[in-house]
Amino acid sequence: MSESPEIFTSPHVLEFPYSRSTGPVIGSFLTALRDGVLIGIKGTGGKVIFPPTEYDPDTAEETSGIVNVGPGAVVTSWGWVNQPLKQHPLQHPFAWALIQPDGADTAMLHVVDAGSESAMATGMRVTAIFRPADERIGAMADLIAFVPEEAK
Amino acid sequence: MSDQTYVTSDPRGSITQLATPSRLEYFFTAGTSLSKNLRGYQRGQFIGQRCPVCSKVYVPSRGSCPVDGVALTEEVELKNTGTVTTFCVVNVPFAGQSIKIPYIAGQILLDGANLSFMGLIQECELEEVRMGMRVEAVWVDKEDLVPSLASVKYFRPTGEPDAAYETYQEYL
Ligand SMILES: [Zn+2]
């Protein structure tokens, strides 16, 4: 009965390989990313919604009219990440930020690769950096990050 | 007609599908009792634990009796034979399936145990499997024994007369 008190521990992985259909508007957004282009869509009263949605979230009316926006943009809010997690898009310190591209009336959550927290400010100008054309697949990661405009 | 579509000149056409895998990585710690059970498989043995209050034998054991709420201390080695309490013939393919369909998944109540567990049943025609059928464990070769139920290749019929319903009705 004096068996070794060794207790077993093992790594487990639980993974679901979901795929989903994008619908026409999100599909358009992803197709444009693959082309290295940011697009929004016109909602009620001509307001440009970015990223594009099928319906205007304020009025529930159907949106209509694809509009090119960016790549220049403004940071409207941000939070600094000192220690990125393995799942994060960058493996060095970066900012999660709400980013409003030129020509859009709403902002999207994405990454600002600014180098240091002191380089960040609400209202700062940034611009989109895409993966090389032959590496883009039509996914969010095609857009690597936004960087301060003067750094480009 | 609304205009909600971006037109690309890319020969791959428009994106209509998006892969969105969901993944959870974690560590499972077996604890003292289950570790003893797992180490038993490495020796080719079924190891359970008996409750000091109700005398029920749990295999595998989680270390306490769910009825009496007391810690289990007495280790019990179970026999290699048991009874099929209920079963399912699997005909449907699914992602990650490692066994060729059709196959039989049975709930096995080992002799002397008071808890059944799921086991693969082979060397048995699909139409032959039944509740109460007597089975025995077939282990992998000695050098292939591992601390998991993978050490049991499958269960097969012993050919003994079926167990009486009363002997396993509590475990359905
Ligand atoms: Zn008990």
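Thresholds applied
- Residues numbered from 1 in each chain as written.
- Chains lettered and ligands numbered in written order.
- Predicted model: local features only at pLDDT ≥ 70, side-chain atom pairs only at ≥ 80, totals over all residues.
- Heavy atoms only, no water.
- Helix = DSSP H or I, 4+ residues; strand = E, 2+ residues; numbered from the N terminus.
- Expected span 1.5 Å × (residues − 1).
- Buried < 20%, exposed > 50% of the residue type's maximum accessible area, 1.4 Å probe, protein only.
- Contact = heavy atoms within 4.5 Å.
- Donors = N, O, S within 2.8 Å, 3.2 Å for Na, K, Ca; no water.
- Tetrahedral: all angles 85-135°; square planar, octahedral: opposite > 155°, others 65-115°.
- Buried area = accessible area lost by both parts, 1.4 Å probe.
- Salt bridge = Lys/Arg side-chain N within 4 Å of Asp/Glu carboxyl O.
- Polar contact = N/O pair within 3.5 Å; in protein donor to acceptor, adjacent residues only side chain to side chain.
- Nonpolar A, V, L, I, M, F, W, Y, C, P; charged D, E, K, R; others polar.
- 1 Å grid on protein atoms, 1.4 Å probe; cavity = no way out; pocket = protein on both sides within 12 Å on 5 of 7 lines; lining within 4 Å.
- Points joined across faces, edges and corners; volume = space filled by probe spheres on them.
- Patch = residues over 30% accessible without salt bridge, like charges linked within 9 Å, V, L, I, M, F, W, Y side chains within 5 Å.
- Areas by Shrake-Rupley, 256 points an atom, 1.4 Å probe, with all protein chains shown as cover.

Visitor: Break down helix α1 (residues 31–43) of chain B for me, citing the residues and quoting the values.
Guide: Residue and element names in this part refer to chain B. For α1, spanning 13 residues, the distance from its first C-alpha to its last is 19 Å, which sits close to the expected 18 Å at 1.5 Å a residue. For α1, the full list of buried residues reads S33, L34, S35, N37, L38, R39, G40 and Y41. Of the surrounding elements, those touching the buried residues of α1 are β2 (22–29), β3 (46–50) and β9 (134–139).

Visitor: I'd like a description of the coordination of the zinc ion, backed by residues and values.
Guide: Around a metal, the ideal angle is 109.5 degrees if four donors adopt a tetrahedral arrangement and 90 or 180 degrees if six donors adopt an octahedral arrangement. All names here are of chain B. Within the protein, the zinc ion binds to C51 (SG), C54 (SG), C65 (SG) and D68 (OD); these donor distances fall in the range 1.9 to 2.3 Å. Each of the 4 donor atoms around the zinc ion contributes to a set of angles spanning 102 to 115 degrees, which defines the coordination as tetrahedral. Here the donor residues of the zinc ion share one chain and are spaced in sequence as C-x2-C-x10-C-x2-D. Highlighted residues: C51 in the loop between β3 and β4 (57–58) and C65 in the loop between β4 and β5 (74–78), separated in sequence by 14 residues. With a relative accessible area of 1%, C51 lands in the buried category.

Visitor: An account of the interface of chain B and chain A is needed here, citing residue identities and associated values.
Guide: Buried accessible area, meaning the area lost when the parts come together, often serves as the stated size of an interface. Counting from both sides, the interface comprises 36 residues of chain B and, opposite them, 43 residues of chain A. Both sides together, the interface formed by chain B and chain A hides about 3400 Å², and carbon and sulfur atoms give 50% of it. Of all residues in chain B, Q4(B), Y6(B) and I15(B) bury the most surface against chain A, accounting for 24% of the area lost on that side. At the junction of chain B with chain A, the criterion picks out 4 salt bridges. Across the pair R34(A) and D10(B) runs a salt bridge, and its minimum N-O distance is 3.4 Å. Between chain B and chain A we count 24 residue pairs in polar contact (both at pLDDT 80 or more) in total. Among the elements of the structure, β1 (17–19), β2 and α1 of chain B are those that each provide at least two residues to the side of chain B that touches chain A. Of all the elements, β2(B) adds the most residues to the side of chain B that touches chain A, at 8 residues. Classifying every residue of the side of chain B that touches chain A by side-chain character gives 12 nonpolar, 15 polar and 9 charged.

Visitor: Tell me what's going on with the layout of surface pockets, and back it up with residues and numbers.
Guide: Residues and elements named next belong to chain A. Considering only enclosed or pocket space, the largest pocket measures out at about 430 Å³ in volume. Around the largest pocket, the lining comprises 16 residues; the ones closest to its centre are Q87, H88, P89, M140 and A141. Looking at the lining of the largest pocket, the elements with two or more residues in it are β8 (108–112) and β10 (143–148). At 4 residues, the largest contribution of residues to the lining of the largest pocket is made by β8. The residue makeup of the lining of the largest pocket, split by class, is 11 nonpolar, 3 polar and 2 charged.

Visitor: So what's going on with a nonpolar patch on the surface? Residues and values would help.
Guide: Together, L14(A), F16(A), Y18(A), L24(B), Y26(B) and F28(B) give the surface a local cluster of nonpolar side chains, amounting to about 560 Å² of exposed area. Secondary-structure elements contributing two or more residues to the nonpolar patch are β1 (9–16) of chain A together with β2 of chain B. In terms of residue count, β2(B) provides more of the nonpolar patch than any other element does, 3 residues in total. For F16(A), the location among the structural elements is in strand β1.

Visitor: Lay out the pattern of salt bridges with the relevant residues and their values.
Guide: Enumeration according to the criterion identifies 18 salt bridges over all chains in this entry. One salt bridge in this structure joins K56(B) and E170(B), with 3.0 Å as the shortest N-O distance. In this pair, K56(B) is assigned in the loop between β3 and β4 and E170(B) in the segment after β10 (152–157), connecting sequence segments 114 residues apart. Each of E15(A), K86(A), R23(B) and E25(B) takes part in a single network of salt bridges with overlapping partners.

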